[in-house]
Amino acid sequence: MNKRFLGFFVGLFVVASLFGQGARYLKISEVVTNNTNGLIDEYGRRGAWIEIANTSWSTVDIRSCYLTTDRAALNKDLTVPERVKLMSLVPKGDARTALEAQQRIVFFADGQTNLGTLHTNFELDPERENFIALFDGNGVTLIDSIVVPPLAENQSYARLFDADEDASVWKVLEEGEVTPGFPNRGQGMTADKVAEFKEKDPYGIAMAVMAMGIVFGCLAFLYVFFRVFGLVVVYMSKLSRVRAIRRIRESAHKVAVIAKEGTDSRGVDMETYMAVIGMALHEYENDVHDVESNVLTIHPDEHTEWNAKDNAMREWPK
């Protein structure tokens, strides 16, 4: 029973960790506070809306996350229940909340959660700044936030990619540039590097060349690696065979010498013995080594009496 509970809690922790890691890729992408001629909801009505984008390349579910316009939710001294009361929950049970790679979802900020999953419990004021924050499902972790300036009718405040600065920037887009549910484009900038690459390579030719180049480059590298590895293995095997043959030949030679000249030679050729004896006689005749007596003798000039008992005695005062 205890093992079942342990497995349940471990699984719950793993799922919560994975969800937490995925939620950090959710970003506020575009906001419209004064919608009079743009996107309509399921009931054919127009109102302020907030677009959330999944910036990762895997599916991320935004369910159980929170949206809020109340800055008090940033107060770290609040408890989770107190903070949750200031937010609008994204409910479970709607397949639309599971965002695939680079997909976007739009929430209508009309203060009517009874109309469905895509409606918040707060409204946006087009005549003043609007603080918008996205919190993780734990009600504590802030995923993303933005302050939207006052906007005119049908304008949007959108996150765009600036190639010059290599970073995302927020810009006010006019009515014709508003793109709910799609990558943001406007003022000569794109939503991200992927969109920019698509614009520069609409037919995918460069992408195909790059992909094939990477694949064939990897195959060429593998061919060279295994080719060199095979040559090294063959060389090492040949070298080991040569060493084995040398050892066999040396052993056979010793056996042949012992069989021919007896065990006294221990397998060493008589020519070798003769060479060693001749070298020893040559060194002896030419007095190569110094004559050493192997005796060490010390002759002291005088005795210091360093160990005399008298020296250890204390003298009487005079």
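Remember, it's a predicted structure, so these values are computed and weren't measured experimentally.

Trainee: Any chance you could explain the overall build of the protein here in plain terms?
Mentor: Scanning the protein from N- to C-terminus turns up five helices and eleven strands. For the protein, buried positions account for 27% of its 318 residues. A sequence separation of at least 24 residues applies to 57% of the contacts in the protein between residues at least 6 apart. When the accessible surface of the protein is split by element, carbon and sulfur atoms take 59% of a total near 22800 Å².

Trainee: Just to check I follow, could you spell out unusual backbone geometry for this structure?
Mentor: Only a minority of non-glycine residues have a phi that is not negative, and only a minority of peptide bonds are not trans. Even without being a glycine, Ser64 presents a positive backbone phi close to 75 degrees. The exposure class assigned to Ser64 is buried, which follows from its relative accessible area of 16%. Phi at Asn154 is positive, roughly 65 degrees, even though this residue is not glycine. Structurally, the position occupied by Asn154 is in the loop between β9 (142-148) and β10 (156-162). Asn154 gets classed as buried once you look at its relative accessible area, which sits at 9%.

Trainee: Is there a simple way to explain the sheet that holds strand β7 (residues 104-108) in this structure?
Mentor: What holds strands together in a sheet is hydrogen bonding between their backbones, with the strands either parallel or antiparallel. Across the sheet, five strands lie side by side as β7-β2-β1-β10-β11; this open sheet has antiparallel pairing. Bordering the open sheet on either side are β7 and β11 (167-173), each of which pairs with just one other strand. Ignoring which end each strand starts from, the neighbouring axes of this sheet average 35 degrees apart. Where strand β1 (residues 26-32) lies against strand β2 (residues 49-54), six bridges are found, and the strand directions are antiparallel. Counted as the bridge partner of Glu30 is Glu51 from β2.

Trainee: Mind showing me how you'd approach the pattern of salt bridges here?
Mentor: If the charged atoms of two oppositely charged side chains come close together, the side chains can form a pair. Taken as a whole and judged by the stated rule, the model has seven salt bridges. For Arg45, the salt bridge is made with Asp41, and the minimal N-O distance between the two is 3.8 Å. A salt bridge links Arg96 to Glu42, with the nearest nitrogen and oxygen atoms 3.7 Å apart. Here Glu42 lies in the loop between β1 and β2 and Arg96 lies in the loop between β5 (88-89) and β6 (98-99), a separation of 54 residues in the sequence. By relative accessible area, which is 41% here, Glu42 ends up partly exposed. Each member of the salt-bridge network shares a partner with another, and the members are Glu42, Asp94 and Arg96.

Trainee: Got a minute to help me understand the sheet that holds strand β8 (residues 130-135) in this structure?
Mentor: An order of β5-β4-β8-β9 is seen for the four strands of this open sheet, with the pairing classed as antiparallel. Each end of this open sheet is capped by a strand with a single partner; those strands are β5 and β9. Pairing geometry for strand β4 (residues 66-68) and β5, over two bridges, is antiparallel. Across the sheet, Tyr66 pairs through a bridge with Leu89, a residue of β5.

Trainee: Honestly, the nonpolar core in this entry has me stumped. Any pointers?
Mentor: For soluble globular proteins, nonpolar side chains are generally found buried alongside one another. One finds Leu26, Ile28, Ile50, Ile52, Phe107, Leu124 and Ile132 to be the most contacted residues of the largest nonpolar core, which totals 27 residues. Aside from chain neighbours lying at most four places away, what touches Leu124 is Val31, Val32, Thr33, Ala48, Ile50, Thr69, Ala109, Asn130 and Ile132. Tyr66, Met87, Ala133 and Phe135 belong to the second largest nonpolar core, which has six residues in total.

Trainee: Explain the packing of aromatic side chains here, please?
Mentor: A ring pair, where both rings are aromatic, is described by two values, the distance of the centres and the angle of the planes. Tallying each qualifying case throughout the model produces four aromatic pairs. Here the aromatic rings of Phe221 and Phe225 are separated by 6.5 Å at their centres, their planes lie at 20 degrees, and the arrangement is stacked. In this pair, Phe221 and Phe225 are both assigned in helix α4 (residues 205-261), four residues apart and thus about one turn of the helix distant. Between Phe225 and Phe229, the ring centres sit 6.2 Å apart and the planes meet at 15 degrees, which makes this aromatic pair stacked. Here Phe225 pairs with Phe229, and both are found in helix α4, just four residues apart, close to one helical turn. Phe225 sits in the partly exposed class, given a relative accessible area of 42%. According to the relative accessible area criterion, Phe229 is partly exposed, its value standing at 49%. Linked through ring pairs, Phe221, Phe225, Phe226 and Phe229 together constitute an aromatic cluster.

Definitions and limits used
Residues numbered from 1 in each chain as written. Predicted model: local features only at pLDDT ≥ 70, side-chain atom pairs only at ≥ 80, totals over all residues. Heavy atoms only, no water. Helix = DSSP H or I, 4+ residues; strand = E, 2+ residues; numbered from the N terminus. Buried < 20%, exposed > 50% of the residue type's maximum accessible area, 1.4 Å probe, protein only. Contact = heavy atoms within 4.5 Å. Areas by Shrake-Rupley, 256 points an atom, 1.4 Å probe, with all protein chains shown as cover. Pairing = 2+ DSSP bridges. Axes fitted to C-alpha atoms, helices over the stretch in contact; angles between N-to-C directions. Salt bridge = Lys/Arg side-chain N within 4 Å of Asp/Glu carboxyl O. Core = buried A, V, L, I, M, F, W, Y, C linked by side-chain atoms within 4.5 Å. Phe/Tyr/Trp six-rings, centres within 6.5 Å; stacked < 30°, edge-to-face > 60°.

So, to be careful, I would describe these as geometric facts and stop short of saying anything about function.
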